[in-house]
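Residue-level structural notes
These are the residues of each chain, in order.
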Amino acid sequence: MMLRTAASRGMIRKLGNAATICQTRVPIVATCARSNSGGSSSAPPPPPPPSNAGAAASSVKYAKTTAGTGDPEGSGSTGFSTRGPVTWPALGLVAIAAASAVSYYKIERERRLENAMGKIVSSESGWSPNPELLARRQYVRTKWGWFPKEDAFGGAGKPAIGGPWSLVDLDGNLVTNESFKGKWTLLYFGFARCPDICPSEMVKIGKVMDTLEKEHPKLRGQIQPIFVSIDPARDSLKALRDYAKDFHPSYVFLTGAPQQVQAMAKKYRVYMSKADETEDGDYLVDHSIVVYFHDETGDIADCFTQSMRPSDIVEKVVERMTFVPSY
């Protein structure tokens, strides 16, 4: 009995020493063992000191935050500047220089353009961006700079229609475009054997002249209607004299050699072509149906088409003849 007691005490002592060892080296396991054995819980032990692996991780993290500074160890003494090559003051100087260059370019461009305008477009011949389509325009110097001389065609400018020409009248006298300087003219191209359209347009112009005589007699005295034959092969002077008897007495009838008529028609962009020619040589002439209105200098002022009524033409004629530029 005494031997068993002594043996039991020795076993208990060993178990106690083992528990102490477990508590020291593996405190979590010892705590769990005591908890499972019904022992009282105690406060958790302090955390172990950081290992070498944790220190290495911290060093790597710190090295990442100092990357690009030339000081991977974070000592703070690299000997290099952390400022880049471009700064805000430098950008401001570049912006100022660019703005100055643009302003100088604009000023110089306007100065050269004004000089060019004064030398080129202010001359008597004027200037046109495309002489084949648009007539030359005169420019006027105003307080705002050089501007095109105002006319009824607006900013688009006049079409390049008309030019010098020479024909003969019913008396065989030479007549040119210079013969009507100082007069406003209503010019129409047609032929004496036209069955309907030409007589209708001629009568329309006669009504325009009569209306102007009643309502604007001063303007009427400045207008000269002109008929040009585009069929000189058949429209002889005698044929035109007989034809003229049916229309307004103010008309001037002109004809000429085929080459003269074709040259004039080309300058006015008149379309004309033989049509419905018969076996006996008779034919009609397809042609443009336009009345060209010129100012007193011979420049084109307006064009009147077949669809316009006499009252419409009167209104346009008065508007063009009384037009006053704003500068």
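Each value, and the rule that gives it
- Residues numbered from 1 in each chain as written.
- Predicted model: local features only at pLDDT ≥ 70, side-chain atom pairs only at ≥ 80, totals over all residues.
- Heavy atoms only, no water.
- Helix = DSSP H or I, 4+ residues; strand = E, 2+ residues; numbered from the N terminus.
- Buried < 20%, exposed > 50% of the residue type's maximum accessible area, 1.4 Å probe, protein only.
- Contact = heavy atoms within 4.5 Å.
- Areas by Shrake-Rupley, 256 points an atom, 1.4 Å probe, with all protein chains shown as cover.
- Core = buried A, V, L, I, M, F, W, Y, C linked by side-chain atoms within 4.5 Å.
- Arc of directions from axis to C-beta.
- Salt bridge = Lys/Arg side-chain N within 4 Å of Asp/Glu carboxyl O.
- Expected span 1.5 Å × (residues − 1).

Some remarks on the overall build of the protein chain
- Looking only at helices and strands, one finds 9 helices and 11 strands in the protein chain.
- Expressed as a percentage of its 327 residues, the buried residues of the protein chain come to 29%.
- In the protein chain, once contacts between residues fewer than 6 apart in sequence are set aside, the share between residues at least 24 apart is 61%.
- When the accessible surface of the protein chain is summed, it comes to about 21900 Å², and 58% of that surface belongs to carbon and sulfur atoms.

What about the nonpolar core?
- Ranked by internal contacts, the top residues of the largest apolar core, which has 53 residues, are F189, F253, Y268 and Y292.
- The leading source of residues in this core is helix 5 (residues 197-215), at 6 residues.
- When residues no more than four places from it in sequence are discounted, the contact partners of F253 are V168, D169, L170, M202, F227, Y243, A244 and F247.

Digging into helix 8 (residues 258-267)
- Taken together, the buried positions of helix 8 are occupied by V261, M264 and A265. Summarising the axial view, the buried residues of helix 8 lie within an arc of 100°, below the 170-degree limit, and thus occupy one face. Exposed residues pointing more than 90 degrees away from the buried face of helix 8 are listed as Q259 and K266.
- The inward-facing, buried residues of helix 8 contact strand 3 (166-168), strand 5 (184-190), strand 6 (223-229) and strand 8 (272-275).
- Once helix 8 ends, the next one or two residues include R269, with phi positive near 55°.

Regarding the pattern of salt bridges
- Within the structure shown, the criterion is met by 10 salt bridges.
- Note that D312 is salt-bridged to R309, the shortest N-O span being 3.2 Å.
- Judged by its relative accessible area of 22%, D312 is partly exposed.
- Taken together, the shared-partner salt bridges connect D231, R234 and D282 into one network.

Digging into helix 9 (residues 310-321)
- The terminal C-alpha atoms of helix 9 lie 16 Å apart, and with 12 residues this matches the ideal 16 Å at 1.5 Å per residue to within 8%.
- By the burial criterion, the buried members of helix 9 are I313, V314, V317, V318, R320 and M321. Taken around the axis of helix 9, the buried residues stretch over an arc of 165°, which confines them to a single face.
- In the core, the buried residues of helix 9 are packed alongside strand 5, helix 5, helix 6 (217-220), strand 6, strand 10 (290-294) and strand 11 (300-305).

As for the side chain of R220
- Assignment of secondary structure puts R220 in helix 6.
- In this view, R220 contacts M209, L212, E213, H248 and S250; residues no more than four positions away in its chain are not counted.

Thoughts on the environment of I313
- You can see I313 is positioned in helix 9.
- Placed 10 residues apart in sequence, I313 and C303 show a C-alpha to C-alpha distance of 9.3 Å.

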